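Inside the fold
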Amino acid sequence: MTRLPLERLRAGLAILALIFLVAVIGYWAAGWSLLDSIYMVVVTLSTVGYREIGEMSPILKVFTSFVIVVGVSTAFYILGGLVQMMAEGEINRALGRRRLTRDIKRLADHVIICGFGRMGEILAQELERQGTDFVVIETDTERIAAAATLGYLALSDDSTEEEVLLNAGVRRAKTLVTTLPRDADNVFITLTARNLNPHLQVIARGEFPTTEKKLLQAGADRVVLPAATGALRMAAMITRPSAVELIEVVAGRQIAEVEVDELTIPEDHKLVGVTVRDSQVRTVHGLLIVAMRHPDGNLEFNPGADMAFRAGSSVVVIGRPEDIDRFRTDHGIRP
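Residues numbered from 1 in each chain as written. Predicted model: local features only at pLDDT ≥ 70, side-chain atom pairs only at ≥ 80, totals over all residues. Heavy atoms only, no water.

Points about the overall build of the chain
- The helix and strand tally for the chain stands at 13 helices and ten strands.
- The contacts of the chain with a sequence gap of at least 6 include a subset with a gap of at least 24, amounting to 58%. (Helix = DSSP H or I, 4+ residues; strand = E, 2+ residues; numbered from the N terminus. Contact = heavy atoms within 4.5 Å.)

Some remarks on the confidence of the model for the chain
- Per-residue pLDDT for the chain averages 84, and the proportion of residues at 70 or more is 87%.
- Averaged pLDDT values over the elements of the chain bottom out at 66 in helix H11 (residues 241-250) and peak at 97 in strand S1 (residues 111-114). (pLDDT = per-residue confidence, 0-100.)

Focus: the pattern of salt bridges
- What the rule picks out here adds up to eleven salt bridges.
- Arg320 is the salt-bridge partner of Glu322, the closest N and O atoms lying 3.7 Å from each other.
- On the basis of relative accessible area, Glu322 is assigned to the partly exposed category, the value being 42%.
- Overall, Arg320 belongs to the partly exposed group, its relative accessible area being 40%.
- Here the salt bridges share partners, and the residues they tie into one network are Arg320, Glu322, Asp323 and Arg326. (Salt bridge = Lys/Arg side-chain N within 4 Å of Asp/Glu carboxyl O. Buried < 20%, exposed > 50% of the residue type's maximum accessible area, 1.4 Å probe, protein only.)

What to know about the pairing of strand S5 (residues 201-205)
- Here four bridges tie strand S4 (residues 175-178) to S5, and the two strands are oriented parallel to one another. Residue pairing across strands places Leu176 opposite Val202, the latter belonging to S5.
- For the segment spanning S4, helix H8 (residues 183-196) and S5, crossover handedness is right-handed.
- Alignment of S5 against strand S6 (residues 222-224), held across three bridges, turns out to be parallel. (Pairing = 2+ DSSP bridges. Right-handed = clockwise from strand over helix to strand, strands pointing away.)

Describing unusual backbone geometry
- Positive phi is not limited to glycine here, since Asp109 has a value of about 55 degrees.
- Examined against the element boundaries, Asp109 turns out to sit in the loop between helix H4 (90-105) and S1.

Focus on the sheet that holds S4
- Spatial ordering of the open sheet is given by S3-S2-S1-S4-S5-S6, a layout of six strands whose pairing is parallel. Either end of the sheet is taken by a strand with one partner, and the two such strands are strand S3 (153-156) and S6. Taken over all neighbouring pairs, the strand axes of this sheet differ in orientation by 15 degrees on average, direction set aside.
- Examined bridge by bridge, strand S2 (residues 134-138) and S3 share four bridges and lie parallel to one another. Its bridge partner being in S3, Ile137 is matched across the sheet by Leu155.
- Here helix H5 (residues 118-129) sits on the sheet and contacts S1, S2, S4 and S5; the angle it forms with S1, its principal contact strand, is near 160 degrees. (Axes fitted to C-alpha atoms, helices over the stretch in contact; angles between N-to-C directions.)

Quick look at the sheet that holds strand S8 (residues 288-293)
- Spatially, the four strands line up as an open sheet ordered S7-S10-S8-S9, and their pairing is antiparallel. Unpaired on one side and paired on the other, strand S7 (259-264) and strand S9 (299-301) mark the two borders of the sheet. Shown here is a sheet whose adjacent strand axes are inclined to one another by a mean of 25 degrees, direction ignored.
- Relative to strand S10 (residues 314-319), S7 runs antiparallel, the two sharing six bridges. Considered in S10, the bridge of Glu262 is made with Val316.
- The strands touched by helix H13 (residues 321-331) are S7 and S10; relative to S7, the strand with the most contacts, the crossing angle is about 10 degrees.

Written out as structure tokens, the structure is:
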């Protein structure tokens, strides 16, 4: 089996260290001092060619010749590994992995995407558009290369492994989304992630309706069934086309330059305790408040003008993107 360049380099260095040790012991056993033995081995392996510093018996000459042949051969083996590493970009990849690890360690409250298939790719595009930090985990080398080309933080590894999730910063993450095609993998990832971070929001994909219950039991907060969702949406396009248009807006697709966004009110924010009427969200910024999710999880549609904003509440608004951005800027609300 062909060795990888890095494995070849490690093996060569290990063999060279062993030769050095054996050669020192050999000269020392021949009656030389330890310092003279080390010096002789260094001179011999480096092929400098200084004269011998002690008496050389026939057996010792044979031994020295053996050390030279094996040592030089090993040195060429190591050199070949270095050349192969440079030719195959192994050094650049190693440096890239170090940079990737460093960048991931800097993240907090980010999103982890397990799987970079069609769903994972679309999800990553939308998160990037929203300015949300995320890490992609994928085993397929071509998909990882595509993610890296797009500038995403991407780990080429198995997301079902606990160590991989830890490397992706699961304990500092805000959300984990698993989009793998196999339900068993999604259940296992959900269970592992929930054990590593009890406060993590977990959104899982399920291929079969019967898997939804298992994913929820494993710790998923939300379960998405692409087949069922797609079929229901197609039916709605036939029976309720106008409603589907609004759903597409909510899903993030801009129609007639209007989109739906969600604004979270931070603690100690100036809007806390202010009513919808007094905030002038409609008259000044041209936004329509569709719903408000309170910290207790209660979702209230079409809140009245006297409804007050609460700390930790999520406000769903409809408006032009520039108006939403202006509202965020004026009130200091992060995406």
